[in-house]
Amino acid sequence: MSSDDQKEPPTASVQADNTIASDDENNKKQAVLSPLPLEWTKMGGTIDDPSPVDIVRYPWEVMEISPNPEETHLTIVGTAGQKITRMGSNLKDYVSPNLTHLVFRSHLIRTMEGLAGMKNLELLELYDNMIDELQDLDGGEGGLPGAGLKVLDISYNVIRDMTPVSLCPNLTELYIAQNKIKSISGLRHLKNLRKIDLGANRIRVMEEEELSGLENLEELWLGKNKIEKIAGLSKLTKLRRLDVQSNRLTKIENLAAQVDTLEELYLAHNGIDNEGAKCETGLALPFTKLDTLDLSRNRLTDTSPFAHLKSLSELWISGNDIKAFEDVEPIAGLELEGIYLEYNPVDKEFEYRKKLKEMIPSLNQIDANLIGGLAQHGYGSARSSGGNLVERMRQLQDVVIQKAVPETSEEND
């Protein structure tokens, strides 16, 4: 490049063809614009600034930590300030020897470390980090801290293998949602488990061998996986809540062991039709405690599969293919408190809500609309108030206060 070219000021605008003509050389020579400097895209940084993930930052650098023996809980949430990138292999030297609850939520931690010396740890939460492997759960004496853990939350990470949870035999709650797990493993000996959340993974099979040992399990959450069949529940005789929504189910089956315990069943966003909802080992059973049933966004054409479920108080079947009130008639004998039927063809029927209330007199909510209560004061739609129950209660309080003011004025007169 000539010295004349070097002295030219930078061009302030970009032409359509990314070139400009040079008048000094009779338009015969063209200067090609250089690309935009990358630092222009850095908000307040330079091109050499390291990525936040590459910065080494320990918990004690983010927050003052006390080794005081009286301190039993340590919680550091990354959304409130700087993010931890390393737990530190010597973490135990900075925390209380009596620590029972350790929470590092929403940070940039990649590796589990520094847990081996925590003899009293009962709750470990590493929710929303970048951890790809369960480690350091049995590095201490007597298999601690894993042997003493009662609650483990490792949701929203990138874990592919859950087998090491077997090192935590006394767990009562386990959360590994939103990871990259393809198969259920490590559970068979965790007899104290009462709640498991494995939602939003890549699981295809409900393994009987893994689930059968969970004799005390009360809640099983498996939504947003790739499961094609409900299975493996024959020994889960205390199960109260089952969630297999947003999977690949076409039938409701293998629930015989839960006929006297199941209270809530969530199966929305599957491919279940009427035939699939009437399997002998599924909803055809005489469930005695089933209170809430969610089959929204499936392929139902009428309500006949639910006619015998006398314990139901909430039935959610929006987004199916129920066309007329004749298709709703089978559940007229149920004492439902709430029903969701919106986004079915029937919700276009004239006086839809009025007819539904006449058919099922016990209803106090139809879709997002309350019947009576707040509705009497013009606040019947949950949708219009954002679905916020607290806000609707405040509105009701305002109505009561407004009514009370005139009465008070009259008494003062």
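Residues numbered from 1 in each chain as written. Predicted model: local features only at pLDDT ≥ 70, side-chain atom pairs only at ≥ 80, totals over all residues. Heavy atoms only, no water.

Looking only at helices and strands, one finds 5 helices and 16 strands in the chain. The buried share among the 413 residues of the chain stands at 42%. For the chain, the accessible area works out to roughly 22100 Å², and carbon and sulfur atoms hold 48% of it. (Helix = DSSP H or I, 4+ residues; strand = E, 2+ residues; numbered from the N terminus. Buried < 20%, exposed > 50% of the residue type's maximum accessible area, 1.4 Å probe, protein only. Areas by Shrake-Rupley, 256 points an atom, 1.4 Å probe, with all protein chains shown as cover.)

The subject of this paragraph is helix 4 (residues 352–359). Among the residues of helix 4, Y352, L356 and M359 are the ones counted as buried. Mapping the buried residues of helix 4 onto a view down its axis gives an arc of 60°, with all of them on the same face. Buried positions along helix 4 lie against strand 14 (338–340) and strand 15 (365–366). (Arc of directions from axis to C-beta. Contact = heavy atoms within 4.5 Å.)

Turning next to the confidence of the model for the chain. For the chain, the mean per-residue pLDDT works out to 86, and 78% of the residues sit at or above 70. Confidence drops under pLDDT 50 across residues 374–387; counting only partners more than four residues distant or on other chains, this segment forms 26 contacts. (pLDDT = per-residue confidence, 0-100.)

This part covers the pairing of strand 4 (residues 101–105). Pairing of strand 3 (residues 73–77) with strand 4, which is carried by 5 bridges, proceeds in the parallel orientation. In the strand pairing of strand 4, I76 is matched with F104. Here 3 bridges tie strand 4 to strand 5 (residues 123–125), and the two strands are oriented parallel to one another. Residue pairing in the sheet places V103 in a bridge with E125 of strand 5. (Pairing = 2+ DSSP bridges.)

Attention now moves to the pattern of salt bridges. Per the counting criterion, the structure on display carries 14 salt bridges. In this structure, K348 and D347 form a salt bridge, with 2.9 Å as the shortest nitrogen-oxygen distance. Linked by salt bridges that have partners in common, K195, E218, E219, R240, R241, E263 and E264 make up one network. (Salt bridge = Lys/Arg side-chain N within 4 Å of Asp/Glu carboxyl O.)

As a further point, take the layout of surface pockets. Space inside the second largest pocket adds up to approximately 160 Å³. Lining the second largest pocket are Y156, A177, Q178, D197, G199, A200, W221, G223, K224, D243, Q245 and S246. Taken together, the residues of the lining of the second largest pocket sort by class into 4 nonpolar, 5 polar and 3 charged. (1 Å grid on protein atoms, 1.4 Å probe; cavity = no way out; pocket = protein on both sides within 12 Å on 5 of 7 lines; lining within 4 Å. Points joined across faces, edges and corners; volume = space filled by probe spheres on them. Nonpolar A, V, L, I, M, F, W, Y, C, P; charged D, E, K, R; others polar.)

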